[in-house]
Amino acid sequence: MKAPRPSSYFRNFWVSFVVGTLLVILIMVLGIGFFNAIYDAQIESRRDFLTKQSELAARGLELEIRRFEEESKDLINYLEDPNHEIDDYDEEFTYAVRRLFNAFPQLIDSAWVDMQDSVLTFTFNERNDFFRKAVDQGFPESSSKPYANLVIGKKGFRVLYSLKFLDFAKEFAENYYLNPTGAKYLFFEDQLFPLNKSEISLPESELDFIKKDLTEGVKGIYTINSSVGEDDFTGVAAQYPFRFHVANRVGAVVFVVPVESLYSGIYRTYFLSFFGFMILLISAVSFFVISLKNSFEFQRIQESNIQEIKQLFDQQNLLLQELRGFVFFHDHRGEITRVSPEVEQVLGHSPDEFVAAFATNSSHMEAKLVKKQVMDRIAQKQDVLDLEYDFVRPDGQEIRVRVFEKLIFDEEGNFKGGMGLGTDISLQYESQEQLRESENRLRNLIRSIPDIIFIYDNSGKILDFHIPSDAAEMMPPEDVKGKNLKDLFDGPDGDGVLQTFLNALQSRKIHSLEQKIPTKSGIKHFETRFFPLDQQQMISISKNITGQKIWEKGLMEAMEAADKASRAKSEFLANMSHEIRTPMNGLLGIIDLLEQTKLDKVQKQYADIIKNSGNMLLGIIKDILDYSKIEAGKIEIIKEVFDANAELENQAKILSGLASKKEIKFTFQRADEEDLFIEADKVKINQIFLNLAGNAIKFTPEGGEVDIRLEYDPLGEAQGFLSCTVKDSGIGISSDHLQHLSEPFYQIDSSKTRSHQGTGLGLAIAKKLTELLGGSFEVESQLGEGSTFQFSVLVKRVSSPETTDAKSKTSWNDIKKSTGKYPIKVLLAEDNELNIQLMGMMLNQLGFSYEIAKNGLEAVQMVEKNGYDMVLMDVQMPVMNGLEATQAIRKLALSKQPAIIGLSANVFDEDHISAIEAGMDDYLTKPIRLGVLGERLEYFFQKIVQESE
């Protein structure tokens with residue numbers, strides 16, 4: 001064989017040098033582009049991840065609260081179950097309450113149960129002991145708790161839950177994974193609460209975008225510029241809003257993660273690794289060029305050795321065809337001396353093309369790769385080469401090729417040549433790659449989890465584990481490996497851990513517990529969950545919840561402060577109403593009696609002024625209380641069936657007299673339907689109607705017009721919108737004032753010389769009530785041309801109610817006139833002398849005889865001794881109040897229970913409900929009007945007559 005010429009040698013040398021240099025440059029360009037692509041992908045990935053995590057956290061929080069609202073009704077169902085005996089309300093009922101507490105341990109703070117004859121309270125103390133006890137203070141008002149859920153049963157039972165809403169919300173949001181360097185926040189009540197330990201702070205300018213999106217009720221993703229300690233950083237923030245019926249407020253879960261630059265953090269490590277790789281690559285190319293000088297000598301030695309084994313490879317051709325392989329021989333220069341014909345089947349190239357690819361002057365890339373590997377082995381004096389690489393066939397098919405070669409050396413260590421086997425291992429390679437990718441994904445996932453993970457066999461022996469660096473001081477890896485679960489956790493906590501493990505093993509479901517683990521930095525709290533990995537293995541995941549526990553303590557202090565503020569507001573409104581209505585009772589009651597006497601014209605005018613002034617003051621008090629109840633969410637929707645056309649037409653007739661005095665043309669147009677029977681809240685619809693119609697008459701000058709139009713717009717067979725339009729030719733409203741018109745206490749003319757009086761609450765109440773009824777409220781107006789007010793509410797269309805033949809009723813006044821006797825016996829229970837005089841004068845005016853009890857205990861004794869048809873019971877009395885006295889009377893073994901009418905200056909719905917639940921038949925609020933008292937006495941008289949028939 002001829003030796004290579006010097007010109008060919010130098011040409012091959014420079015070709016190799018140039019190709020190596022270009023290869024290095026190409027790899028550098030590809031590497032830089034690769035790092036930039038990773039950076040862009042990382043930014044987009046974090047944005048998607050944050051959006052999904054914040055959405056999952058907010059939606060999950062809403063679902064948990066709604067689940068509580070449903071399950072909180074179980075106690076009422078338990079109490080009202082007719083199959084339960086009295087003993088069941090002791091231990092079994094306590095167990096049922098505790099089971100509900102355990103179902104929502106971080107949500108429920110306390111529970112009060114009205115057992116009708118007593119009030120029980122349930123709660124956990126700081127040591128997690130469950131307490132049940134009776135309280136003397138009575139059943140608390142739901143308004144006294146910032147976050148409360150009141151459940152009222154059909155049989156008089158009530159349950160009030162005091163909730164740790166913010167604690168629960170923060171704990172729930174913290175369960176969602178976030179990058180260890182990121183920050184979690186809860187944006188609630190215009191405040192930002194941190195959920196984890198993070199030095200990231202959000203400036204007020206960044207919060208403005210979140211507040212804006214939260215006001216509109218939409219989620220958001222933001223790129224932010226903030227600081228970590230004293231360093232500036234760029235990050236990504238995502239927020240997702242949530243709303244609950246219990247809290248009746250809007251908040252959002254906010255997740256923030258920093259975005260590392262291309263030359264910081266893990267990317268700096270990547271960049272340095274790539275730089276080192278380039279140095280190694282340049283060194284390898286240099287080494288290859290130097291080694292090329294010695295390659296020709298090795299090729300000559302190889303050629304002689306190849307000849308000796310040709311016959312052996314010929315005998316193996318049949319086996320190679322089955323293995324999709326081929327055999328080749330080369331000399332010490334790397335030139336192929338022989339190759340089996342199977343090479344065409346495997347590589348798609350003929351034997352001649354294969355030989356030409358390994359010629360000295362060939363630039364075939366795959367051939368050069370194999371030659372380089374051979375030279376490296378020769379330099380290291382290794383006699384075996386095992387190489388795998390990707391190869392593209394001429395038909396475009398990509399295959400994986402394995403080259404196994406035996407290198408031959410003489411006794412002096414000189415390379416003589418080699419023989420090798422090339423095989424197509426595509427199928428095996430694809431299977432291995434899929435398995436490797438799956439393992440890498442799992443390992444990368446585990447490494448990124450900040451929780452402590454253990455894998456056990458079914459006996460509790462630790463098989464594998466993952467301990468983050470920040471937990472290494474608590475559980476050093478060298479102390480964990482090979483241990484059993486019961487050896488890892490000893491003491492009282494160890495028994496609980498082992499029992500939880502066994503429960504999860506037996507049930508094949510997730511079981512969890514909380515642990516306190518002492519460390520050098522103090523006590524740390526962990527939540528550990530056990531669940532089966534497969535039939536032979538179990539897994540546990542321990543999450544550090546120390547920050548959450550610290551946050552819960554701070555939230556509890558904030559809730560206590562909010563409780564105090566809420567109670568102060570409720571007490572102020574109740575006291576204000578009571579103190580004003582008590583003297584007004586005497587004033588307006590005397591006026592009613594005075595009107596029944598003979599008065600001259602001047603005296604009648606004076607009495608009207610006093611009466612109108614008192615009614616105006618009562619209206620102002622009612623508006624303030626109505627609006628405060630709407631703001632507190634205490635308005636109840638009470639539906640009843642009525643004819644909307646007839647009802648609102650009657651209300652219009654009430655106002656027609658006022659319109660006639662101002663010579664206003666007042667018209668009312670009914671809806672097209674002849675009979676418009678609907679099921680809705682009649683009282684609130686009337687209140688809205690009277691507010692709008694009364695305002696129209698009030699602000700329309702003499703000689704003007706007020707037109708009212710009623711319409712019904714059906715949405716289906718059973719539902720529709722009841723709309724009412726009130727149009728006037730009054731003074732009108734400018735566009736500047738129009739947008740503030742429905743705000744509370746807002747008045748267009750607030751000067752001391754204004755011509756129209758009022759509190760500015762009428763339209764605010766009308767709008768709020770319309771929204772509560774599921775409708776809309778619209779105003780159109782031009783200054784000097786009049787205004788148009790329209791409200792529409794969602795109602796249910798029903799058929800006409802059943803009518804019964806009206807029986808002729810005999811009133812107590814008729815009986816009195818015919819017999820000269822008083823028809824019923826009345827007991828007045830009242831401690832205030834002024835009220836006793838006033839009520840006595842009213843009863844005398846109405847023609848009733850009565851007796852007086854000056855406290856609740858005296859009233860009970862007189863009812864038991866004398867028996868009465870009716871009791872007028874003041875609620876607030878010494879010795880025994882009216883509610884307690886009513887309960888005591890209802891327990892008496894009387895032949896006939898009297899009708900009890902409560903009298904009080906307290907006007908809240910809770911007071912009315914308490915009176916009815918105590919056993920009262922009716923409840924009148926002060927000031928007591930003569931006409932109202934006479935009407936209620938007439939009603940109960942008729943009821944007494946019917947019961948006696």
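Cut-offs applied
- Residues numbered from 1 in each chain as written.
- Predicted model: local features only at pLDDT ≥ 70, side-chain atom pairs only at ≥ 80, totals over all residues.
- Heavy atoms only, no water.
- UniProt positions renumbered as here; feature names shortened; annotations may be inferred.
- Axes fitted to C-alpha atoms, helices over the stretch in contact; angles between N-to-C directions.
- Helix = DSSP H or I, 4+ residues; strand = E, 2+ residues; numbered from the N terminus.
- Parallel < 35°, antiparallel > 145°, perpendicular 65-115°, else oblique.
- Left-handed = near helix turned anticlockwise from the far one by under 90°.
- Contact = heavy atoms within 4.5 Å.
- Nonpolar A, V, L, I, M, F, W, Y, C, P; charged D, E, K, R; others polar.
- Salt bridge = Lys/Arg side-chain N within 4 Å of Asp/Glu carboxyl O.
- Buried < 20%, exposed > 50% of the residue type's maximum accessible area, 1.4 Å probe, protein only.
- Core = buried A, V, L, I, M, F, W, Y, C linked by side-chain atoms within 4.5 Å.
- Domains from an automatic or database assignment.
- Pairing = 2+ DSSP bridges.

The protein appears in an unreviewed UniProt entry as Sensory/regulatory protein RpfC from Algoriphagus formosus. As recorded by UniProt, the Catalytic activity (unreviewed entry) comment attached to the protein reads in full: "ATP + protein L-histidine = ADP + protein N-phospho-L-histidine." You can read under Subunit (unreviewed entry) in the UniProt record for the protein the words "At low DSF concentrations, interacts with RpfF."

Glancing now at the packing of helix α24 (residues 856–866) against helix α25 (residues 882–890). Contact geometry of α24 with α25 gives a least axis separation of 9 Å together with a crossing angle of 20°. Of the possible angle classes, the one that applies to α24 and α25 is roughly parallel. The way α24 lies across α25 gives a crossing that is right-handed. Each of Gly-856, Val-860 and Val-863 in α24 lies in contact with α25, whose residues at this interface are Ala-885, Ala-888 and Ile-889. Taken together, the residues of the contact of α24 with α25 break down into five nonpolar, one polar and no charged.

Below, the discussion takes up the pattern of salt bridges. Considering all chains together, one arrives at 25 salt bridges under this definition. Glu-64 is the partner of Arg-67 in a salt bridge, and the nearest nitrogen-oxygen pair spans 2.9 Å. Remark: Glu-64 and Arg-67 occur in helix α1 (residues 6–71); sequence separation between them is three residues, near one turn of the helix. For Glu-64, a relative accessible area of 22% translates into the label partly exposed. Taking the shortest distance from any N to any O, the salt bridge between Glu-917 and Arg-158 comes out at 3.1 Å. Pair noted here: Glu-917 is in helix α26 (residues 909–918) and Arg-158 is in strand β5 (residues 158–163), with a separation of 759 residues, a long-range link. Taking the relative accessible area as the measure of exposure, Arg-158 reaches 10% and is therefore buried.

Attention shifts here to the packing of helix α18 (residues 644–661) against helix α19 (residues 682–698). The packing of two helices is summarised by the inter-axis angle and the distance between the axes. At a closest axis distance of 10 Å, the pairing of α18 and α19 adopts a crossing angle of 30°. By the angle between their directions, the pair α18 and α19 is classed as roughly parallel. Seen from above, α18 lies across α19 with right-handed handedness. Packed against α18, whose contacting residues are Glu-647, Leu-648, Gln-651, Ala-652, Leu-655, Leu-658 and Ala-659, the element α19 presents Lys-682, Ile-685, Asn-686, Phe-689, Leu-690, Ala-693, Gly-694 and Ile-697 at the interface. When the residues that make up the contact of α18 with α19 are grouped by side-chain class, the tally is 10 nonpolar, three polar and two charged.

What follows deals with helix α4 (residues 165–174). Most of α4 is tucked away, with 10 of its 10 residues classed as buried. Of the residues making up α4, those classed as buried are Phe-165, Leu-166, Asp-167, Phe-168, Ala-169, Lys-170, Glu-171, Phe-172, Ala-173 and Glu-174.

Looking now at unusual backbone geometry. Here the phi dihedral of Lys-381 falls at roughly 60°; this positive angle occurs in a residue that is not glycine. By the secondary structure assignment, Lys-381 is in the loop between α11 (365–379) and β14 (384–392). We note that Val-879 has phi near 70°; this positive angle belongs to a residue other than glycine. Within the secondary structure, Val-879 is located in the loop between β31 (870–874) and α25. Accessibility expressed as a relative area gives 67% for Val-879, which makes it exposed.

Quick look at the nonpolar core now. Core analysis: the largest hydrophobic core is formed by 53 residues, its most contacted members being Phe-93 and Tyr-161. Taken domain by domain, this core gets at least three of its residues from each of domain 1 (17–166) and domain 2 (167–261). Once residues within four sequence positions are removed from consideration, Tyr-161 is found in contact with Phe-68, Ser-72, Leu-75, Leu-100, Ile-108, Ser-110, Ala-111, Tyr-147, Ala-148, Asn-149 and Val-151. Of all hydrophobic cores here, the second largest spans 38 residues; its members include Phe-642, Ile-688, Ile-733 and Phe-789.

Time to look at the pairing of β5. β5 sits mainly inside the fold: six of its six residues count as buried. The two faces of β5 match: Arg-158, Leu-160 and Ser-162 on one face and Val-159, Tyr-161 and Leu-163 on the other face are all buried. When strand β1 (residues 108–114) meets β5, the two strands line up antiparallel, connected through six bridges. Bridge pairing links Ile-108 to Leu-163 in β5. Looking at chain direction, strand β4 (residues 148–152) and β5 are connected through five bridges and run antiparallel. Across the sheet, residue Asn-149 finds its bridge partner in β5, namely Tyr-161. Counted along the chain from β4 to the antiparallel partner β5, the turn is five residues long, and its residue Gly-156 has a positive phi close to 100°.

One open sheet holds the five strands; their spatial order is β18-β17-β21-β20-β19, and the pairing between them is antiparallel. The open sheet has two edge strands with one neighbour each: β18 (462–466) and β19 (511–519). For this sheet, the mean inter-axis angle between neighbouring strands, taken without regard to orientation, is 20°. Of the pairings in the sheet, the one linking β19 to strand β20 (residues 522–532) comprises nine bridges and is antiparallel in character. Note on β20: the bridge partner recorded for Glu-514 is Glu-527.

Glancing now at the environment of Glu-640. Within the fold, Glu-640 resides in strand β22 (residues 640–643). On the basis of relative accessibility, which here comes to 31%, the residue Glu-640 falls in the partly exposed class. Sequence spacing of Glu-640 and Asp-681 is 41 residues, and the spatial spacing of their C-alpha atoms is 6.2 Å. What Glu-640 contacts, discounting residues up to four positions off in sequence, is Ile-678, Glu-679, Ala-680 and Lys-682.

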